[in-house]
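What the coordinates show
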Amino acid sequence: MKTALITGISGQDGAYLAQLLLQKGYKVIGLSRQTDRKAFHRLTYLGIEEKVILDTCDLAVLQEVIDFLETHKPDEIYNLAAQSSVGQSFQFPQETFTFNTLSVMNLLEGIRRFDKKIRFYQASSSEMFGNVSLQNLPIKESLLFHPASPYGISKASAHWLAVNYREAYGLFTACGILFNHESALRGENFVIKKIINTAVQIRNGEAEELTVGNLAISRDWGYAPKYVEAMWRMLQKDSPSDYVICSGQVTSLLELLNQVFLKLDLDLRTHIRIDPNLLRSLDLAIIYGDNAKAKQELDWEYEMDTLGLISKLIEDEKDWMNWKKTRFE
Ligand SMILES: C[C@H]1O[C@H](OP(=O)(O)OP(=O)(O)OC[C@H]2O[C@@H](n3cnc4c(=O)[nH]c(N)nc43)[C@H](O)[C@@H]2O)[C@@H](O)[C@@H](O)C1=O
């Protein structure tokens, strides 16, 4: 039985990845900064809270990381822990940069000192590319990084740390460069989750208004449970590499918003308000990726189109909201 360590297990990707690895017969150790059981409600929702072993460790302290590795002896580490909000990274640049880089440094250094055979997955991000000129779209793995946020800069630094430990010490490190990926388990401050959750509430007569920021952006949106499968596939290869994980499709936020309201039979104009506080100091106008390398080398499939994604997200959100009501109210 293989042992996998997931950092950031309380988040969207951590929960779906834990579910996948348990299905594959792994022993799953979850590491989180959170100690309150309520923080693990995503695991409870998926019915796996009792099946994973939860433990705490301060990733900012190297000795704690080494002790943690000695205790649990993982075969694979999936590093998903991060300050993951781009918007908040403008408000908290030091915290974002320090945690998102130091935690990766300590995990890599911990592996190098304790057991170089441990395989390491790093959650890299499309935010590392920043604002891309139209001739560089769709984005491939080889495109130069030019991040446009403290978050993007922290992820680019962490990415290069993982590559450096691969090249300098022969560690098995693989980086998944994930574009926006959504689900009902997404944090409530991310835009798609917020739109769908609020729209369903408006439909149920439980909310009146949806506030949003910059609608003049276009992104490559995908379905999170499919993306975590690519993470696992990266660590099963004979040799490590980095992969863009995306849908390959591009949709503007305004179009997506219109489709959600249309599907729920709601009039967008009577419920929407633009809040200038939600605008960022710098935003990405349009980015989308090319997933050919992942499809070819990882045998990874992604078939969902944006309309299919929206329908699935609405359906999942209703289920999630019902579950939360029965549990917490
Ligand atoms: C790949 C990348 O994906 C995610 O980062 P993100 O793209 O910043 O995601 P988001 O949902 O916060 O924003 C998407 C876009 O939507 C615009 N937008 C408009 N109105 C609102 C609004 O009301 N809230 C938010 N949050 N955004 C809004 C906002 O300005 C931005 O242009 C993370 O997983 C990150 O960890 C990651 O790696």
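Note that the structure is predicted; figures quoted are calculated from it, not measured. (Residues numbered from 1 in each chain as written. Predicted model: local features only at pLDDT ≥ 70, side-chain atom pairs only at ≥ 80, totals over all residues.)

Here's the deal with the overall build of the protein chain
Here is the rule we go by: Starting at the N terminus, helices and strands are each numbered in turn, a helix being any DSSP run of H or I of at least four residues and a strand any DSSP run of E of at least two. Within these notes, the globule rule equals 2.2 Å times the number of residues to the 0.38 power, and the radius of gyration is based on C-alpha atoms. The exposure label follows from counting other C-beta atoms within 10 Å of a residue's C-beta, where the C-beta atoms are placed from the backbone and the thresholds are 20 or more for buried and 12 or fewer for exposed, leaving partly exposed in between. In this description, any two residues whose backbone-derived C-beta atoms lie within 7 Å of each other are considered to be in contact.
Tallying secondary structure elements over the protein chain gives 11 helices and 13 strands in all. A compact globule built from 329 residues would reach a C-alpha radius of gyration of about 20 Å, and the protein chain, at 19 Å, matches this within 12%. Along the first, second and third principal axes, the C-alpha set of the protein chain runs to 60 × 50 × 40 Å. Considering the protein chain as a whole, with its 329 residues, one finds that 42% of them fall into the buried category. For the protein chain, contacts bridging at least 24 residues in sequence account for 80% of all contacts bridging at least 6.

Some points on the domain arrangement of the protein chain
Convention followed: Note that the domain bounds were set by an automatic or database domain assignment. Each residue gets one of three labels, nonpolar for Ala, Val, Leu, Ile, Met, Phe, Trp, Tyr, Cys and Pro, charged for Asp, Glu, Lys and Arg, and polar for the others, Gly among them.
Here the protein chain is described as being made up of domain 1 (3–181 + 221–245) and domain 2 (188–219 + 249–285 + 305–326). Taken over C-alpha atoms, the centre of domain 1 sits 27 Å from the centre of domain 2. Facing the 11 residues of domain 1 at the interface are 14 residues of domain 2. By residue class, the composition of the side of domain 1 that touches domain 2 is 5 nonpolar, 6 polar and no charged.

Observations concerning the nonpolar core
Across soluble globular proteins, nonpolar side chains show a tendency to be buried alongside one another. Condition: A set of buried Ala, Val, Leu, Ile, Met, Phe, Trp, Tyr and Cys residues, joined through C-beta atoms within 7 Å, is what we mean by a nonpolar core.
In this structure, Ile-6, Ala-18, Phe-120, Ala-230 and Ile-245 are the most contacted members of the largest nonpolar core, which totals 85 residues. With 7 residues, the top contributor of residues to this core is helix α8 (residues 224–235). A domain-level breakdown of this core finds at least three residues from each of domain 1 (3–181 + 221–245) and domain 2 (188–219 + 249–285 + 305–326).

Regarding the sheet that holds strand β1 (residues 3–7)
For clarity, the cut-off: Here a strand pair is declared whenever DSSP counts at least two bridges between the two strands. In this description, a line fitted to the C-alpha atoms serves as the axis of each element, helices being fitted only across the stretch in contact, and the angle between N-to-C directions of two axes falls anywhere from 0 to 180 degrees.
The 7 strands are arranged β3-β2-β1-β4-β5-β6-β11 in an open sheet whose pairing can be described as parallel. The outermost strands of the open sheet, each flanked by one partner alone, are β3 (53–55) and β11 (242–245). Neighbour-to-neighbour, the strand axes of the sheet open up by a mean angle of 20°, direction not taken into account. Of the strand pairs in this sheet, strand β5 (residues 119–125) and strand β6 (residues 173–178) are connected by 6 bridges, and their pairing is parallel. From the neighbouring strand, Ser-125 faces β6, where its bridge partner is Leu-178. The sheet strands contacting helix α1 (residues 12–23) are β1, β2 (27–31) and β4 (76–79), and the helix crosses β2 at an angle near 165°. Seen against the sheet, helix α6 (residues 150–169) touches β5 and β6 and runs at an angle of roughly 150° to β5.

Focus on the site of the ligand
The following threshold applies: Residues are counted as near a molecule or strand when the C-beta atom, derived from backbone positions, lies within 6 Å of that molecule or strand.
Neighbouring the ligand are 20 residues; Val-86, Ser-125, Phe-190, Val-191 and Gly-213 lie closest to it. Residue assignment for the shell around the ligand shows that the elements contributing at least two residues are α4 (86–91) and α7 (191–203). Among the residues making up the shell around the ligand, the classes are represented as 8 nonpolar, 8 polar and 4 charged. Here the shell around the ligand spans two domains, since at least three of its residues come from each of domain 1 (3–181 + 221–245) and domain 2 (188–219 + 249–285 + 305–326).

Brief notes about the UniProt feature "domain: NAD(P)-binding" (unreviewed entry) in the protein chain
What counts is decided by this rule: UniProt positions are given in the numbering used here, feature names are shortened, and annotations may be inferred rather than shown by experiment.
Here the UniProt-annotated "domain: NAD(P)-binding" (unreviewed entry) positions come out as residues 5–310. Between the end C-alpha atoms of residues 5–310 the distance is 31 Å, and the span holds 41% helix and 15% strand.

With respect to the packing of α7 against helix α11 (residues 306–328)
What counts, and what does not: For classification, angles of less than 35 degrees are called roughly parallel, those exceeding 145 degrees roughly antiparallel, those between 65 and 115 degrees roughly perpendicular, and all remaining angles oblique. Each crossing is labelled by how the near helix is turned from the far one, with a counterclockwise turn of less than a right angle marking it left-handed and a clockwise turn marking it right-handed.
Between α7 and α11, the least distance of the axes is 10 Å, while the angle of their chain directions is 65°. By the criterion of interaxial angle, the relationship of α7 to α11 is roughly perpendicular. In terms of crossing hand, the pair formed by α7 and α11 is right-handed. Seen from α7, the contacting residues are Ile-192, Ile-196, Asn-197 and Val-200; seen from α11, they are Leu-313, Ile-314, Glu-317, Lys-318 and Met-321. Split by residue class, the contact of α7 with α11 holds 6 nonpolar, 1 polar and 2 charged.

Considering α6
Condition: By definition here, a helix of n residues has an expected span of 1.5 Å times n minus one.
Given a rise of 1.5 Å per residue, 20 residues ought to cover 28 Å, and the 28 Å separating the end C-alpha atoms of α6 matches this to within 8%. Gly-170 occupies a position one or two residues after α6 and carries a positive phi of about 75°.

Re the environment of Thr-101
Structurally, Thr-101 is set in helix α5 (residues 93–114). Residues Thr-101 and Ala-81, spaced 20 residues apart in sequence, show a C-alpha to C-alpha distance of 11 Å. Apart from the residues within four sequence positions on either side, Thr-101 is in contact with Ser-154, Ser-157 and Ala-158.

Details of the confidence of the model for the protein chain
Test applied: On a range of 0 to 100, pLDDT expresses the predictor's confidence in each residue.
The predicted model of the protein chain averages 97 in pLDDT, with 100% of residues at 70 or higher. Confidence metrics for the complex model read pTM 0.98 and ipTM 0.99.

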